[in-house]
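# Descriptive structure summary
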Amino acid sequence: MNEVTPRWQQHGCVPTGRRTCDTQQAGSLRSQREARSFRLLAAAAVVLVAVAGPVRAEAPKKKPAPTPATAAVRKAVEQLAKTPELATGTFGFYLATAAKPEVPLVAKNHRQSFIPASTLKTLTTGVALQVLGADFRFETPLWHDPNTGDVLISGTGDPSLARGGRDELFHTWTEALREKGVREVRGRVIAVEDAWETQEIPGGWTWLDIGNYYAPPLSPLTFHDNEFRLYFDLAGEAGQRAPLTDAEPWPGGLRIVDELRVGAAGTGDDAYVFGGPGAAVYHVRGTLAPDAGKEYIRAALPDSALFCAQEFTQWLNAREVPVHGPATTTRRLRLAGTPWVRNARTE
């Protein structure tokens with residue numbers, strides 16, 4: 001099999017202001033380096049609202065002398081605790097220095113257990129910086145198999161592929177195919193999802209979240225931030241149906257059941273999308289107020305890898321590079337009982 005773009009790069013995992021950069025091979029991770037990574041993260045000065053379980057009583061530690069900055073933070077935390085929104089809830093706050101992470105500068109309910117939610121991003125970002133390095137860039141190889149005529153898009157976990165638009169990416173891929181003499185795709189465009197296991201969502205996610213842009217299924221071939229927009233006509237009275245007018249981009253084969261209502265003034269965005277990974281039908285429920293500042297909601301792509309293959313197929317067909325077969329993914333081929341094995345490199 002011929003690799004069309006053996007050194008093709010896309011965005012990296014750490015924002016640097018550059019769209020492309022020289023790629024690097026990720027070597028094997030040594031246990032010593034991993035240990036340093038987690039020690040670094042444990043020492044990071046972060047606000048952490050999660051305690052994983054019961055904590056043993058510890059001897060009181062000497063608190064550092066307050067400063068105007070920490071006093072201001074403490075005052076803000078106490079004011080937040082008294083807000084009506086938290087009258088029936090609770091929150092935790094912890095602030096410390098990297099030099100003495102065990103000595104809190106400001107703390108509130110930090111011994112209680114919470115669901116970490118998006119605060120966990122501070123840990124994953126720190127691990128990525130320490131283990132991969134700030135200069136690491138993902139590779140998304142594009143292959144052409146001369147035996148089957150298939151074009152293969154090999155997902156490697158790049159979280160920002162086609163972020164901000166597909167045109168530059170697809171143009172690069174198309175030109176690379178033409179440079180290799182590919183004038184038509186006799187097979188299909190296949191998204192390869194073999195970089196990790198098939199679980200797409202954690203077991204603890206709630207049905208209310210799944211289907212929305214902030215809880216998309218995970219795939220080695222993330223595309224367009226794994227999300228799309230649904231637009232509605234909000235001209236009706238509060239409580240009336242809000243007709244779906246468009247989707248951008250519209251995932252191929254996905255049916256949208258619109259049950260959204262126009263919301264009362266001042267109620268904002270209370271709309272939710274319901275549908276799991278690989279779903280063929282999404283339901284939209286809730287309300288969206290005309291004064292919410294937008295006429296759309298953001299939904300999760302049910303299958304980002306398939307969507308990428310479909311979009312690239314349409315792109316090629318529109319540019320006189322005809323694709324003979326329908327777009328698919330390696331996971332879908334296996335579920336259908338179609339054996340798929342990447343062929344050896346051919347001359």
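Residues numbered from 1 in each chain as written. Predicted model: local features only at pLDDT ≥ 70, side-chain atom pairs only at ≥ 80, totals over all residues. Heavy atoms only, no water.

### A short note on the pattern of salt bridges
Should the charged atoms of two oppositely charged side chains come close, the side chains can pair. Rules: The rule for a salt bridge is simple: a side-chain nitrogen of Lys or Arg has to be within 4 Å of a carboxyl oxygen of Asp or Glu. Counting from the N terminus, the helices are the DSSP runs of H or I reaching at least four residues and the strands are the DSSP runs of E reaching at least two. Think of it in three bands: with a 1.4 Å probe and only protein chains considered, a residue is buried below 20% of the maximum accessible area for its type, exposed above 50%, and partly exposed in between.
What the rule picks out here adds up to 13 salt bridges. The partner of Glu193 in a salt bridge is Arg331, and the shortest N-O contact between them spans 3.7 Å. Taken as a pair, Glu193 in the loop between strand 6 (189-192) and strand 7 (227-232) and Arg331 in helix 6 (residues 330-335) lie far apart in primary sequence, 138 residues in all. Pair check on accessibility: Glu193 and Arg331 agree, each one buried. Between Glu227 and Arg298 there is a salt bridge, with the nearest N and O atoms lying 3.0 Å from each other. Taken as a pair, Glu227 in strand 7 and Arg298 in strand 13 (residues 296-300) lie far apart in primary sequence, 71 residues in all. Because the salt bridges share partners, they merge into one network encompassing Arg166, Asp167 and Glu311.

### Observations regarding the packing of helix 4 (residues 167-179) against helix 5 (residues 304-318)
Which entries qualify depends on this criterion: Only C-alpha atoms enter the line fits that serve as axes; for helices the fit covers just the stretch in contact. Angles between N-to-C directions range over 0 to 180 degrees. Two helices crossing with the near one rotated counterclockwise from the far one by less than a right angle form a left-handed crossing, whereas a clockwise rotation gives a right-handed crossing. Contacts are assigned to residue pairs that have any heavy atoms within 4.5 Å of one another. Residue type decides the class: Asp, Glu, Lys and Arg count as charged, Ala, Val, Leu, Ile, Met, Phe, Trp, Tyr, Cys and Pro as nonpolar, and the leftover types, Gly among them, as polar.
Viewed as axis vectors pointing N to C, helix 4 and helix 5 meet at an angle of 65°, and their least axial separation amounts to 11 Å. Considering how the two elements wind past one another, helix 4 and helix 5 form a crossing that is right-handed. Contact residues: helix 4 offers Asp167, Phe170, His171, Trp173, Thr174 and Leu177, while helix 5 offers Cys308, Glu311, Phe312, Trp315 and Leu316. In terms of residue class, the contact of helix 4 with helix 5 is built from seven nonpolar, two polar and two charged.

### What about unusual backbone geometry?
Glycine aside, a negative phi is what most residues show, and trans is what most peptide bonds show. Look at the link from Glu248 to Pro249: it is a cis peptide, with omega at -15°. Of note, Pro249 is situated in the loop between strand 8 (244-248) and strand 9 (255-258). The phi angle at Asp225 is positive, at roughly 60°, despite the residue not being glycine. Examined against the element boundaries, Asp225 turns out to sit in the loop between strand 6 and strand 7. One non-glycine residue with positive phi stands out, namely Glu320, at about 60°.

### Focus on the sheet that holds strand 13
Inclusion rule: Should DSSP find at least two bridges between two strands, the strands are regarded as paired.
Read across the sheet, three strands follow the order 8-7-13 without closing on themselves; strand pairing throughout is antiparallel. Pairing within the sheet leaves two strands with one partner each, and these edge strands are strand 8 and strand 13. Direction aside, neighbouring strands of the sheet carry axes that sit 25° apart on average. In terms of strand pairing, strand 7 meets strand 13 through five bridges, oriented antiparallel. Within strand 13, the residue paired with Phe228 across the bridge is Ala299.

### Re the packing of aromatic side chains
Our working definition: Centres within 6.5 Å are what make two rings of Phe, Tyr or Trp a pair, Trp counting through its six-membered ring; a difference in plane orientation under 30 degrees is then read as stacked, over 60 as edge-to-face, and the rest as tilted.
For the structure on display, the rule yields 11 aromatic pairs. With 5.2 Å between their ring centres and 85° between their planes, Tyr213 and Tyr214 make a pair best called edge-to-face. Taking relative accessible area as the criterion, Tyr213 reaches 34% and is therefore assigned partly exposed. Look at Tyr214 and you get partly exposed, because its relative accessible area is 41%. Their ring planes at 50° and their centres at 5.5 Å tell us that Tyr231 and Tyr296 sit as a pair that is tilted. Of the two residues, Tyr231 sits in strand 7 while Tyr296 sits in strand 13, which places them 65 residues apart along the sequence. Residue Tyr231 is classed as partly exposed on the basis of its relative accessible area, which comes to 26%.

### Here's the deal with the confidence of the model for the protein
The cut-off we apply is this: The predictor rates its confidence in each residue with pLDDT, a number between 0 and 100.
Here the protein shows a mean pLDDT of 83. Residues at 70 or above account for 79%. When the criterion is pLDDT under 50, residues 5-55 qualifies, and its contacts beyond four places in sequence or with other chains add up to 100 contacts.

### Looking at the side chain of Asn226
Filter applied, for reference: In the analysis that follows, any N or O atom pair within 3.5 Å is treated as a polar contact, provided that within protein one partner can donate a hydrogen and the other can accept it, and provided that, for residues neighboring in sequence, both atoms belong to side chains.
Summarising the element assignment, Asn226 is placed in the loop between strand 6 and strand 7. A polar contact of 3.0 Å, which involves the side chain of Asn226, links it to the backbone oxygen of Pro217. With residues near it in sequence (within four places) discarded, Asn226 still touches Pro216, Pro217, Ala299, Ala300, Leu301 and Ser304.

### Some words on the nonpolar core
Where a protein is soluble and globular, its nonpolar side chains tend to be buried together. Stated precisely, the cut-off is as follows: Take the buried Ala, Val, Leu, Ile, Met, Phe, Trp, Tyr and Cys residues and link them wherever side-chain atoms come within 4.5 Å; each set so joined is a nonpolar core.
Core analysis: the biggest nonpolar cluster contains 44 residues, and Leu230, Phe312 and Leu316 have the highest contact counts within it. Broken down by secondary-structure element, the contributors of at least two residues to this core are strand 5 (151-154), helix 4, strand 6, strand 7, strand 11 (269-274), strand 12 (281-288), strand 13 and helix 5. Top element by residues in this core is helix 5. It accounts for seven residues. Trp143, Leu152, Val192 and Leu333 belong to the second largest nonpolar core, which has five residues in total.

### A word on helix 4
The condition that has to hold: Expected helix span is taken as 1.5 Å per residue step, with the number of steps being one fewer than the number of residues. The directions from the helix axis to the C-beta atoms form the arc being described.
For helix 4, which comprises 13 residues, the first-to-last C-alpha distance of 18 Å matches the rise-based estimate of 18 Å (1.5 Å per residue) to within 8%. Residues of helix 4 that are buried: Leu169, Phe170, Trp173, Thr174, Ala176 and Leu177. When helix 4 is viewed along its axis, its buried side chains cluster within an angular range of 160° and face the same direction. Those residues of helix 4 that are buried are in contact with strand 4 (142-144), strand 5 and helix 5. Directly after helix 4, the chain includes Gly181, whose backbone phi takes a positive value near 85°.

### Looking at the environment of Leu80
One can find Leu80 in helix 2 (residues 68-81). Separated by 11 residues in the primary sequence, Leu80 and Phe91 place their C-alpha atoms 9.3 Å from one another. Setting aside residues no more than four positions away along its own chain, Leu80 makes contact with Leu86 and Phe91.

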